[in-house]
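An overview of the molecular structure
Below are the chains, spelled out letter by letter.
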Amino acid sequence: QKLHKVYTTEVNRIQDIVEDLLKFSKPRPPELKPVDLGPLIASTVNLLSGDLLRRKIRWTIDCRHNGSTLQADVSQLRQVLVNLIQNAADAMPSGGQLKIATQAVNNHLKLTVSDTGSGIPPALLPKIFDPFVTTKPDGNGLGLAMVYSILQAHRGSIRADSPTRLPADGSVAGGTTFTVTLPL
């Protein structure tokens with residue numbers, strides 16, 4: 001029975017990896033409809049709130065895009081949000097602060113997802129949107145590559161900033177901010 005549980009867990013893990021590979025290799029074109037990012041952010045955070053609370057992560061949402069809508073595929077944008085929020089949570093295993101903010105700037109909507117986690121090592125920062133690049137022992141390195149692909153299909157962009165500093169013990173600290181820009 002113990003062996004059966006291990007097999008089941010590993011089969012499910014492999015199935016998740018195969019599904020991610022298929023989504024990445026053959027992404028479907030976005031079905032564009034008017035989307036207000038505010039309610040989408042709120043419902044996505046609500047969906048993930050149990051995990052965030054369990055991990056002792058506090059969050060704030062600051063939507064200042066004044067109800068501006070963008071033409072987007074709501075399920076694909078939800079996937080972007082889920083990936084960014086889950087990555088932020090994974091970077092804060094002992095708890096921390098998650099901040100999600102929006103702002104309308106020059107006919108674009110700017111979304112930021114910031115965490116107070118461990119940060120991204122400077123050498124890895126330029127590669128994090130490449131497939132199979134990961135800092136997680138159990139990660140497959142497809143999450144941020146899919147995020148990048150989805151945003152490209154929406155004529156958007158993403159940038160990561162991780163103002164890391166190297167403490168005396170050699171660990172990385174400083175948190176990370178992902179900035180997504182989408183046309184309005």
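Refer to the structure printed above.
Throughout this description, residue numbers start from 1 for each chain and increase along the sequence as written. Local features in a predicted model are, by the rule used here, given only for residues with pLDDT of at least 70; side-chain atom pairs are given and counted only at 80 or more, and totals for whole chains, interfaces and linings are based on all residues. Side-chain metrics in this entry use all non-hydrogen atoms of the structure; hydrogen atoms and water are not considered.

1. A look at the layout of surface pockets
- One number sums up the size of the largest pocket: a volume of about 790 Å³.
- Residues are called lining when one of their atoms sits within 4 Å of a cavity or pocket point, these points coming from a 1 Å grid over the protein atoms alone, where a cavity is a set in which a 1.4 Å probe fits but cannot get out and a pocket is an open set with protein on both sides within 12 Å along at least five of seven lines. In this structure, the largest pocket is lined by 34 residues; those nearest its centre are Q86, N87, D90, T134 and K136.
- Strands are runs of DSSP state E lasting at least two residues, helices are runs of H or I lasting at least four, and both sets are numbered from the N terminus onward. Listing elements by their share of the lining of the largest pocket, those giving two or more residues are α1 (2–25), α3 (74–90), α4 (143–153) and β7 (176–183).
- A total of seven residues in the lining of the largest pocket trace back to one element, the largest contributor, which is α3. Grid points are joined across faces, edges and corners, and a volume is the space filled by probe spheres set on the points.

2. What about the side chain of S114?
- Within the secondary structure, S114 is located in strand β5 (residues 108–115).
- Only protein chains enter the accessibility calculation, which uses a 1.4 Å probe; a residue whose area is less than 20% of its type maximum is buried, one above 50% is exposed, and one in between is partly exposed. By relative accessible area, which is 18% here, S114 ends up buried.
- The definition of a polar contact used here is a pair of N or O atoms within 3.5 Å, where within protein one atom must be able to donate a hydrogen and the other to accept one, and adjacent residues in sequence count solely through side-chain atom pairs. Separated by 2.8 Å, the side chains of S114 and T177 make a polar contact.
- Contact partners of S114, with chain neighbours within four places excluded, come to Q97, L98, K99, T176 and T177. We call two residues in contact whenever any of their non-hydrogen atoms come within 4.5 Å of each other.

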